[in-house]
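# Topology and contacts: notes
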Amino acid sequence: MSLFLKAVPAIFVLLWSTGFIGSKMGAPYAEPLTFLVLRYVAVLVLLGLSMIIIRPPRGLTMRERGHAMMVGMLIHGLYLGGVFWSISRGMPAGVAALIVGLQPLITAVFAGAALGERIDLRYWIGMAVGLVGISLVLGPKAGLAGEGITAQTVGMCLIAVLGISFGTIYQKRYAQQMEMRGGVFYQYAGAGAFTALAAFFTETGNVQWTGEFVFALGWLVLVLSLGAISLLMLLIRKGEVSRVAGLFYLVPAATAIEGYFLFGEELALIQIVGMVIAIGAVALVSRPRRPQTKQEEAALS
């Protein structure tokens, strides 16, 4: 089990990064929020069946259900919905990814205040270096001249960043001890209700059920919504939120490599340099903190 736990961060980054690939495959066949609603409904059906076949050791209280639904609205509803909406309105995916790249820094700021996590100088240095790294990875793809960069799309991306930042903090503070499957089920119930309401007022609901769309939907349901999210919940439960957030700096690098092999996207030397920088930054942030001496503890008290 300890070997698996050590591998969880790398597995999470790999799985989470494929979400951008799956979204790109399915985007031509459905509007963004409609795509998300279908994804959430499928997850709810699978999780519901699994809990009927193998009942959880205990149910969730009404308070726990409410907390889980709030996490779902923040992480899945606001974050994914905001990014998908911005890209559908013409914002280049690279620019959206750069804005979302602020998430570890924002999470660290609020985690210190909300959870009492001590954010030391090494962490801030690592986060700043990591931001430089992902900027190099995504820079060639940013398309800064795109007409889709408007106050509305930038604002929605910033709301998305706040959504996942507050969502991870909220999960750590209020929802980390609940039964995993039940917690994830109610997360997607909250996200599904929130996204369906937004889709009802903004989209037509038309879907082209092509083989490529079905594959993309299946991948996002099984690999992302069930696999990667479960790993994220495990990471939040086992570690500090600020350090878990640092893993998101590795996602653009992994996505760029996947795009190179799957879609023939260019991978420039500067992007490779950015990947190395981002990996180094995460290694710096994730290194276990040195225990404080009695003199240091006295100085801080």
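Residues numbered from 1 in each chain as written. Predicted model: local features only at pLDDT ≥ 70, side-chain atom pairs only at ≥ 80, totals over all residues. Heavy atoms only, no water.

## Quick notes on the overall build of the protein
Keep this limit in mind: Strands here are runs of E lasting at least two residues and helices are runs of H or I lasting at least four, both read from the DSSP assignment and numbered beginning at the N terminus. Only protein chains enter the accessibility calculation, which uses a 1.4 Å probe; a residue whose area is less than 20% of its type maximum is buried, one above 50% is exposed, and one in between is partly exposed. The contact rule is simple, with two residues in contact once any of their heavy atoms fall within 4.5 Å. The Shrake-Rupley method, run with a 1.4 Å probe, gives the accessible areas here. Residue values count only the displayed protein chains as cover.
Within the protein, the regular secondary structure consists of 13 helices and zero strands. Order of helices (α) and strands (β) in the protein, N terminus to C terminus: α-α-α-α-α-α-α-α-α-α-α-α-α. Across the 301 residues in the protein, those meeting the buried criterion constitute 48%. In the protein, the share of contacts with a sequence separation of at least 24, taken over all contacts with a separation of at least 6, comes to 90%. Carbon and sulfur atoms make up 71% of the accessible area of the protein, which amounts to about 14500 Å² in all.

## As for a nonpolar patch on the surface
Put simply, the rule is: Patches draw on residues past 30% relative accessible area with no salt bridge. Two like charges within 9 Å are joined, as are two nonpolar side chains (Val, Leu, Ile, Met, Phe, Trp, Tyr) within 5 Å. The rule for a salt bridge is simple: a side-chain nitrogen of Lys or Arg has to be within 4 Å of a carboxyl oxygen of Asp or Glu.
There is a patch of nonpolar side chains on the surface, built from Val109, Phe110, Leu121, Trp124, Ile125, Val129, Leu162 and Phe166 and spanning about 680 Å² of accessible area. Residue assignment for the nonpolar patch shows that the elements contributing at least two residues are helix 5 (103–115), helix 6 (121–138) and helix 7 (151–174). Looking at the nonpolar patch, the element that brings in the most residues is helix 6, giving four residues. Mapped onto the elements, Ile125 comes out in helix 6. For Ile125, a relative accessible area of 43% corresponds to the partly exposed category.

## A few points about the environment of Gly126
When you line up the elements, Gly126 lands in helix 6. Separated by 156 residues in sequence, Gly126 and Val282 place their C-alpha atoms 6.7 Å apart.

## Digging into the packing of aromatic side chains
Any pair of aromatic rings gets described here by the distance separating the centres and the angle formed by the planes. Basically, it comes down to this: Note on aromatic pairs: the rings of Phe, Tyr and Trp (six-membered ring only in Trp) are paired at centre separations within 6.5 Å, and the planes decide the class, stacked below 30 degrees, edge-to-face beyond 60, tilted for the rest.
A full pass over the atoms with the stated rule returns nine aromatic pairs. Residues Phe200 and Phe201 carry aromatic rings whose centres are separated by 5.2 Å and whose planes lie at 85 degrees to one another, so their mutual orientation is edge-to-face. Note on Phe200: relative accessible area 64%, which makes it exposed. The class for Phe201 is exposed, based on a relative accessible area of 64%. Here a set of aromatic residues connected by ring pairs shows up, and it is made of Phe12, Trp16 and Tyr79.

## Looking at the side chain of Glu64
How we decide: Within 3.5 Å is the distance limit for a polar contact, defined as a pair of N or O atoms, with the added protein rule that one can donate a hydrogen and the other accept it, and that residues adjacent in sequence qualify only through two side-chain atoms.
With respect to the secondary-structure elements, Glu64 resides in helix 3 (residues 62–88). With relative accessibility at 15%, the residue Glu64 sits in the buried group. A distance of 3.0 Å separates a polar side-chain atom of Glu64 from the backbone nitrogen of Thr61. In this structure Glu64 touches Arg58, Gly59 and Met178, once residues within four positions along its chain are discounted.

## As for the packing of helix 8 (residues 180–202) against helix 9 (residues 211–238)
Going by this rule: Fitting a line to C-alpha atoms yields each axis, with helices limited to the stretch in contact; the angle taken between N-to-C directions then spans 0 to 180 degrees. Should the near helix be turned anticlockwise from the far one by less than a right angle, the crossing is termed left-handed; should it be turned clockwise, right-handed. Polar here means any residue other than Ala, Val, Leu, Ile, Met, Phe, Trp, Tyr, Cys and Pro, which are nonpolar, and Asp, Glu, Lys and Arg, which are charged; Gly is therefore polar.
Packing of helix 8 against helix 9 brings their axes to within 11 Å, and their N-to-C directions diverge by 115 degrees. Helix-helix and strand crossings are classified by hand; for helix 8 and helix 9 the assignment is right-handed. Of the residues in helix 9, those in contact with Met180, Val184, Gln187 and Tyr188 of helix 8 are Ser225, Ile229, Ser230, Met233, Leu234 and Arg237. The class makeup of the residues in the contact of helix 8 with helix 9 is six nonpolar, three polar and one charged.

## As for the confidence of the model for the protein
What counts, and what does not: Per-residue confidence from the predictor is given as pLDDT, running between 0 and 100.
Across the protein, pLDDT averages 80, with 81% of residues at or above 70. Element-level mean pLDDT values for the protein span from 44 in helix 13 (residues 294–300) up to 94 in helix 2 (residues 32–53).

## As for helix 7
The test is simple: Here a helix's expected span is defined as the number of its residues, less one, multiplied by 1.5 Å.
Under the 1.5 Å per step criterion, the end-to-end length of helix 7 is 33 Å for 24 residues, consistent within 8% with the ideal 34 Å. Among all positions of helix 7, only Thr153, Cys157, Ala160, Val161, Gly163, Ile164, Ser165, Gly167, Thr168, Ile169, Gln171 and Lys172 are buried.

## Brief notes about the pattern of salt bridges
Taken as a whole and assessed by the stated rule, the structure comprises one salt bridge. In this structure, the salt-bridge partner of Arg181 is Glu179, at a minimum N-O distance of 4.0 Å. For Glu179, a relative accessible area of 13% puts it in the buried group.

## Considering the nonpolar core
Note the cut-off: As used in this record, nonpolar core signifies buried Ala, Val, Leu, Ile, Met, Phe, Trp, Tyr and Cys residues forming a set joined through side-chain atoms within 4.5 Å.
Residues Phe12, Trp16, Tyr79 and Leu232 are the most contacted members of the largest nonpolar core, which totals 62 residues. Within the residue set of this core, elements represented by two or more residues are helix 1 (2–26), helix 2, helix 3, helix 4 (93–100), helix 7, helix 8, helix 9 and helix 11 (251–263). A per-element tally of this core places helix 9 first, with 16 residues.

## A look at the packing of helix 7 against helix 9
In a pair of packed helices, the angle between the axes and the distance between the axes together describe the arrangement. Applied cut-off: Each angle receives one of four descriptions, namely roughly parallel if under 35 degrees, roughly antiparallel if over 145, roughly perpendicular if within 65 to 115, and oblique otherwise.
Contact pair helix 7 / helix 9: the axes reach a minimum separation of 9 Å and the direction vectors enclose 60 degrees. The angle between helix 7 and helix 9 places the two elements in the oblique class. The hand of the helix 7/helix 9 crossing is right-handed. For the pair formed by helix 7 and helix 9, the contact residues are Thr168, Gln171 and Lys172 on the first element and Met233, Ile236 and Arg237 on the second. Here the residues of the contact of helix 7 with helix 9 are counted per class, giving two nonpolar, two polar and two charged.

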